[in-house]
Amino acid sequence: MDKPFAITLKPGSSLANHTGSWRTTRPEYVDRLPPCNAACPAGENIQGWLFHAESGDYEKAWHALVENNPLPAIMGRVCYHPCEGGCNRQHMDSAVGINSVERFLGDEANKHGWKFAPAAATSGRRVLVIGSGPAGLSAAYHLTRMGHKAVIYEEAPLAGGMMRFGIPKYRLPREVLDTEIQRLLDFGVELHLETKVTDVQEMMKGGFDAVFLGVGAHIAKRAYIPAGDANKVLDAVAVLRGMEDHDAPLLGRRVVVYGGGNTAIDVARTAKRLGAEESIIVYRRTRDKMPAHDFEVEEALQEGISIKWLSTITEAGMGERGDDIMVEKMALDENGFPQPTGEFERMEADSVVLALGQDADLSLLENVPGLVVDKGMIQVDAGMMTGHPGVFAGGDMAGNERTVTVAVGHGKKAARAIDAWLRGEQYAAPPKPELATFDRMNAWYYSDAPKTMRPVLDIIRRQSTFEEVLGGLDETNALFEARRCMSCGNCFECDNCYGVCPDNAVIKLGPGKRFQFNYDYCKGCGICATECPCGAIRIVAEEN
Amino acid sequence: MSLQPVKFYQTGTFTVGNRLLAPEERSVQANMQRTSSLNSGHRACQGCGEALGARYAIDAAMNATNRQLIAANATGCLEVFSTPYPETSWQIPWIHSLFGNAAAVATGIAAAIKVKKQKGQGGDVRVVAQGGDGGTTDIGFGCLSGMFERNDDVLYICYDNGGYMNTGVQRSSATPPAARTATTMPLGPEPGNVFDQGKFVPAIAMAHEIPYVATATVADLRDLEYKVTKAMGIRGARYIHILVPCPLGWGTASHDTIRMARLAKETGIFPVFEAEYGEVKSVLAIRRPLPVEEYLRPQKRYAHLFGKSPAVATIARIQALADKNIRKYRLQARQGEH
Ligand SMILES: Cc1cc2nc3c(=O)[nH]c(=O)nc-3n(C[C@H](O)[C@H](O)[C@H](O)COP(=O)(O)OP(=O)(O)OC[C@H]3O[C@@H](n4cnc5c(N)ncnc54)[C@H](O)[C@@H]3O)c2cc1C
Ligand SMILES: Cc1ncc(C[n+]2csc(CCOP(=O)(O)OP(=O)(O)O)c2C)c(N)n1
Ligand code: SF4
Ligand code: SF4
Ligand code: SF4
Ligand SMILES: [Mg+2]
């Protein structure tokens, strides 16, 4: 080469200089566990499905969602959304409205008739599922996905369990329930209604390789209240179940509900809708001790339901017409327990509804050896298997936390364990990545955007009708809400690392393919990790 | 507002890219085809703000000129770490001459291009001059002022790291008050650099009433790219002053470079604005107001302010300077702007 005047060396590129050798620490891409996912009892990959919703691809988002939970339209209405309690966005403005986006996706799927992705090849194995509540439906769905034949036996004339015979219509319209159950049947789940299982041992002989029990807890707990005969003392589960019959239960003008859980609230709100002039909840303790969720108490109070705190019913069926009850005032002792005060008040009541919780009916398991029952609950291992090999259980009968979401999670967990068990293996859950805590993120990069509130049915209408109370999001605000997600711990392709590296040592692989470090040149400064908004890069010490 | 407000897109334009934005709405740095004018293998310290700022600015200028660009570089870190003969990290036509003459060299190139064009040779090639704060505010200042006064068709970019970093962190006229350097040691009654001296060249450039003057930091990429792009769309003398934190000279963690620039802007220490013909046209408002202490404390060059008994009076003087910037340039956070 002819070199210019006074030039002795050929020009070269600094790429010859591998500055990677300077490094004492190195950046690595990671996927951390978003706190929303960690808090979801159904084990949903929330960040994962929101990722698709953010770009407006709702169908892909729905498919990602139903990988874990086949009932998003239901869940988007009745779930108490512990995910939102864990959401990192609450440290910025307010939690992402995960539940409302879930409902939006579920409703979109129902509107457009989206179907589940095809199941795995048929295994030839048959699993009996007892009960068509959320636990049974979830187990059956996941078993079907894995290629097994799931056969549900259900005692009731309609499927859904407490989702149909407990949760009132104004919170879960039955068309929504029916559509999601129908999708499961179309998927290949076999359902036999009005088929009560009385002997599990016997059923096992009938060609099933494993059993999943999801019979729920339906026997109402009673409290001893001396009562004359005129007064009507009913139990809440029976009242709510009666709502599904042709003739609504007759509760009268003045209804007193005894209890402090969500069921008590639901019955009181139902009574009001049935025309009761007064619907009164009597509860032993104080509001902060009440197991019912705050927002439900709030909605009930708005609808004109009154609550007598620190009170017990000591007698019913009093007076000439037998429609008076006696209520005793309580006081909290130093340990926070209610104690009687001897102060009484007489109240008029056309009916008294007891909402004191339910027990599971385990009679169908009487002759199954190896089962352990503790405090009325069947004991299971980490894979939801009972003491009897091949018999699994989940939902209300197997846990203290009794929600639709927990039941769905149990069903999924059990299905995975059953799948492994059928192959003579034991299911081992993959190790959980470390939590994407807020302090691992760089919140600077997120735009400010407060939460979209779902419309609430106005009060007059909801006192008298069974129309759904909470409205849904529409396309624009669902998109907005999804985009409030910060993608905690998982790369969302913001290009920050690619941009901020002073050494041009980040390789962009293209849309959907994420990034790679060029360790030949990366000096390990750590800027990429500090400036990654979502905490998807960690810095580790370089070996040697 | 210098930035296009966008609909709610999760991170809007705060991040480098954003998969929710149309490709043309993303930054130059997000583009896989960016020039990467200053390539890997350079010898800048870990986390160098100047290396980052230079790639940001020159990539944007390349993008704005259809890659028809020549850069003249003053002596300083940017030159030394990028071109140890015969290697270079520059992927653009680039020339280095002396410490103090980058503006004059660029003027000469611009003149040559003009003559060539008059003779019908060569296309519309544009010129950038760049240097450190020492090369700009001190030794190169005469050439720079001349370039302004003649309104030569050059964009001059100053990478301000607050000192002569390449030769071991000596004071320049851009070193901030109270900062420790090798020549302003934290000794005596008023430790560190003096107050009430030094120059703010963006204001002096404005006094020349040239078509365009702007400041920027490596913490606001979209703003920086917007300004470089705008500058390349204008003929005549233009000046952009970019704050580029220096982990070595400031005594900050290498991973905090962008964070420090962001703190300088958010505390009001460094006003980010643009001016046309001597008049301020827009500012980048503070988003989350912070006291200057947040900016000072992580820097070892201010460690003497945070000894056993903090130098409250000195910190208050620095706060007063920041407050003055906020008043003068109207930087206070505004509702609805973020
Ligand atoms: C009034 C009320 C409101 C509620 N509101 C909510 C809410 O808003 N959100 C929430 O998350 N949770 C709510 N819950 C709780 C939730 O409904 C339950 O936790 C959940 O339904 C339990 O699911 P499961 O599948 O275990 O049982 P279930 O839903 O009870 O289903 C069990 C099924 O098994 C069937 N079955 C029982 N025995 C047999 C047998 N021997 N043979 C065949 N079939 C049998 C039953 O008929 C039933 O269909 C509410 C509960 C009540 C009572
Ligand atoms: C005329 C002349 N004087 C002194 C030097 C030594 N010198 C080289 S770089 C430099 C400091 C550069 O400081 P600045 O312009 O702020 O750039 P930085 O290194 O901080 O980026 C000095 C003093 C020189 N090269 N030429
Ligand atoms: S911001 Fe998104 S990923 Fe993070 S916790 Fe909330 S919903 Fe989950
Ligand atoms: S910013 Fe670049 S040099 Fe620094 S650690 Fe990340 S990849 Fe490495
Ligand atoms: S900085 Fe952005 S692109 Fe890089 S890993 Fe983090 S989220 Fe992904
Ligand atoms: Mg300097």
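## Observations regarding the domain arrangement of chain A
Residues and elements named next belong to chain A.
Okay, step 1: Annotation of chain A at the domain level lists domain 1 (14-31 + 491-541), domain 2 (35-114 + 441-482), domain 3 (126-218 + 360-422) and domain 4 (246-352).
Okay, step 2: Computed from C-alpha atoms alone, the centre-to-centre distance between domain 1 and domain 2 is 33 Å.
Okay, step 3: Domain 1 puts nine residues into the contact, and the matching count from domain 2 is five residues.
Okay, step 4: Across the domain 1/domain 2 interface, buried area totals approximately 600 Å², and carbon plus sulfur atoms make up 51% of it.
Okay, step 5: When residues of domain 1 are sorted by the area they lose upon contact with domain 2, F492, E531 and P533 head the list and together hold 58% of the total.
Okay, step 6: Counting the contacts that link domain 1 with domain 2 gives zero salt bridges.
Okay, step 7: The interface formed by domain 1 and domain 2 contains five residue pairs in polar contact (both at pLDDT 80 or more).

## Digging into the site of ligand 2
All names here are of chain B.
Okay, step 1: Taken together, the neighbourhood of ligand 2 is formed by 16 residues, with C77, G134, G135, G163 and M165 sitting nearest.
Okay, step 2: A distance of 2.8 Å separates an oxygen atom of ligand 2 from a polar atom in the backbone of G163.
Okay, step 3: A distance of 3.0 Å separates an oxygen atom of ligand 2 from a polar atom in the backbone of M165.
Okay, step 4: In isolation ligand 2 exposes 590 Å². Once the protein is present, 73% of that is buried.
Okay, step 5: For the shell around ligand 2, the per-class residue count stands at five nonpolar, nine polar and two charged.

## Brief notes about the sheet that holds strand β4 (residues 149-153) of chain A
Residues and elements named next belong to chain A.
Okay, step 1: With respect to topology, five strands assemble into an open sheet ordered β5-β4-β3-β6-β19, the strand pairing being parallel. A strand with exactly one partner marks an edge of an open sheet, and here the two such strands are β5 (190-192) and β19 (391-393). On average, adjacent strands in this sheet sit at an angle of 20 degrees to one another, irrespective of strand direction.
Okay, step 2: Alignment of β4 against β5, held across three bridges, turns out to be parallel. The residue bridging V151 from the neighbouring strand is E190, located in β5.
Okay, step 3: The strands that helix α7 (residues 134-145) touches are β3 (126-130), β4 and β6 (210-213); relative to β4, the one it contacts most, it runs at about 160 degrees.
Okay, step 4: Along the sheet, helix α14 (residues 404-422) makes contact with β3, β6 and β19, crossing β6 at roughly 170 degrees.

## Quick look at the packing of aromatic side chains
Okay, step 1: According to the stated counting rule, one finds 21 aromatic pairs over all chains in the structure shown.
Okay, step 2: Ring geometry for F392(A) versus W421(A): centroids 6.3 Å apart, planes at 80 degrees, classification edge-to-face. Of the two residues, F392(A) is situated in strand β19 and W421(A) in helix α14; the sequence distance between them amounts to 29 residues.
Okay, step 3: Since its relative accessible area comes to 1%, F392(A) is described here as buried.
Okay, step 4: In this structure W421(A) comes out as partly exposed when scored by relative accessible area, which is 31%.
Okay, step 5: A centroid spacing of 5.7 Å and a plane angle of 80 degrees characterise the contact between F148(B) and Y239(B), whose relative ring orientation is edge-to-face. Separated by 91 residues along the polypeptide, F148(B) in helix α5 (residues 141-149) and Y239(B) in strand β7 (residues 238-243) bring together distant segments of the chain.
Okay, step 6: Residue classification places Y239(B) among the buried positions, given a relative accessible area of 0%.
Okay, step 7: A network of ring pairs unites the aromatic residues W62(A), W114(A), F116(A), Y141(A) and F187(A) as a single cluster.
Okay, step 8: The aromatic ring of Y170(A) is capped on one face by R273(A), whose charged end is 3.7 Å from the ring centroid.

## Some details on the site of ligand 5
Okay, step 1: Around ligand 5 sit 13 residues, and of these C491(A), C494(A), C497(A), F515(A) and C532(A) come closest.
Okay, step 2: Across the shell around ligand 5, the residue classes tally to ten nonpolar, one polar and two charged.

## A word on the side chain of N68(A)
All names here are of chain A.
Okay, step 1: In this fold, N68 is placed in the loop between α3 (58-65) and α4 (72-78).
Okay, step 2: Within the local environment of N68, its side chain forms a polar contact with the backbone oxygen of G43, the two atoms lying 3.5 Å apart.
Okay, step 3: Look past the residues within four positions of N68 in its chain and what remains in contact with it is A42, G43, E44, N45, H142, V408, K412 and R416.

## So, helix α9 (residues 174-187) of chain A
Residue and element names in this part refer to chain A.
Okay, step 1: Between the first and last C-alpha of α9 there are 20 Å, a value that for 14 residues agrees with the 20 Å anticipated at 1.5 Å per step.
Okay, step 2: Those residues of α9 lying buried are R174, V176, L177, E180, I181, R183, L184 and F187.
Okay, step 3: Against the buried residues of α9 lie α3, α4, α6 (98-112), α7 and α8 (162-165).
Okay, step 4: G188 occupies a position one or two residues after α9 and carries a positive phi of about 125 degrees.

## Notes on the interface of chain A and chain B
Okay, step 1: Taken together, the contact between chain A and chain B spans 51 residues of the former and 49 residues of the latter.
Okay, step 2: Across the interface of chain A and chain B, roughly 4500 Å² is buried in total on both sides, 50% from carbon and sulfur atoms.
Okay, step 3: Between the two partners, chain A and chain B, sit four salt bridges.
Okay, step 4: In this structure, E54(A) and R19(B) form a salt bridge, with 2.9 Å as the shortest nitrogen-oxygen distance.
Okay, step 5: The interface formed by chain A and chain B contains 39 residue pairs in polar contact (both at pLDDT 80 or more).
Okay, step 6: Of all the secondary-structure elements, those providing two or more residues to the side of chain A that touches chain B are β1 (12-13), α2 (46-54), α17 (496-500) and α18 (527-531) of chain A.
Okay, step 7: Looking at which element gives the most residues to the side of chain A that touches chain B, the answer is α17(A), with four residues.

## Observations regarding a nonpolar patch on the surface
Okay, step 1: The grouping of I7(A), L9(A) and Y85(B) at the surface amounts to a nonpolar patch, some 280 Å² of accessible area in total.
Okay, step 2: Along the chain, the position of L9(A) falls in the segment before β1.
Okay, step 3: Given a relative accessible area of 41%, L9(A) falls into the partly exposed group.

## A word on the pairing of strand β4 (residues 126-132) of chain B
Put simply, side chains in a regular strand alternate between the two faces of the sheet.
All names here are of chain B.
Okay, step 1: Buried residues dominate β4, accounting for seven of its seven residues.
Okay, step 2: Side chains R126, V128, Q130 and G132 of β4 all project onto a buried face; the interleaved residues V127, A129 and G131 project onto the opposite face, where all are buried too.
Okay, step 3: Of the strand pairs in this sheet, strand β1 (residues 69-73) and β4 are connected by five bridges, and their pairing is parallel. Note that in β4 the partner of L69 across the bridge is R126.
Okay, step 4: Judged from the five bridges that link them, β4 and strand β5 (residues 155-160) form a sheet pairing that is parallel. Paired with A129 across the two strands is Y156, which belongs to β5.

## Quick look at the environment of P249(A)
Okay, step 1: Position of P249(A) relative to the elements: it lies in the loop between α11 (236-242) and β9 (254-258).
Okay, step 2: If we ignore the near neighbours within four places in the chain, the residues touching P249(A) are V239(A), G242(A), M243(A) and L274(A).

Here is what the cut-offs are and how they apply
Residues numbered from 1 in each chain as written. Chains lettered and ligands numbered in written order. Predicted model: local features only at pLDDT ≥ 70, side-chain atom pairs only at ≥ 80, totals over all residues. Heavy atoms only, no water. Domains from an automatic or database assignment. Contact = heavy atoms within 4.5 Å. Buried area = accessible area lost by both parts, 1.4 Å probe. Salt bridge = Lys/Arg side-chain N within 4 Å of Asp/Glu carboxyl O. Polar contact = N/O pair within 3.5 Å; in protein donor to acceptor, adjacent residues only side chain to side chain. Near = heavy atom within 4 Å. Areas by Shrake-Rupley, 256 points an atom, 1.4 Å probe, with all protein chains shown as cover. Nonpolar A, V, L, I, M, F, W, Y, C, P; charged D, E, K, R; others polar. Pairing = 2+ DSSP bridges. Helix = DSSP H or I, 4+ residues; strand = E, 2+ residues; numbered from the N terminus. Axes fitted to C-alpha atoms, helices over the stretch in contact; angles between N-to-C directions. Phe/Tyr/Trp six-rings, centres within 6.5 Å; stacked < 30°, edge-to-face > 60°. Buried < 20%, exposed > 50% of the residue type's maximum accessible area, 1.4 Å probe, protein only. Lys NZ or Arg CZ within 6 Å of the ring centre and 35° of its normal. Expected span 1.5 Å × (residues − 1). Patch = residues over 30% accessible without salt bridge, like charges linked within 9 Å, V, L, I, M, F, W, Y side chains within 5 Å.

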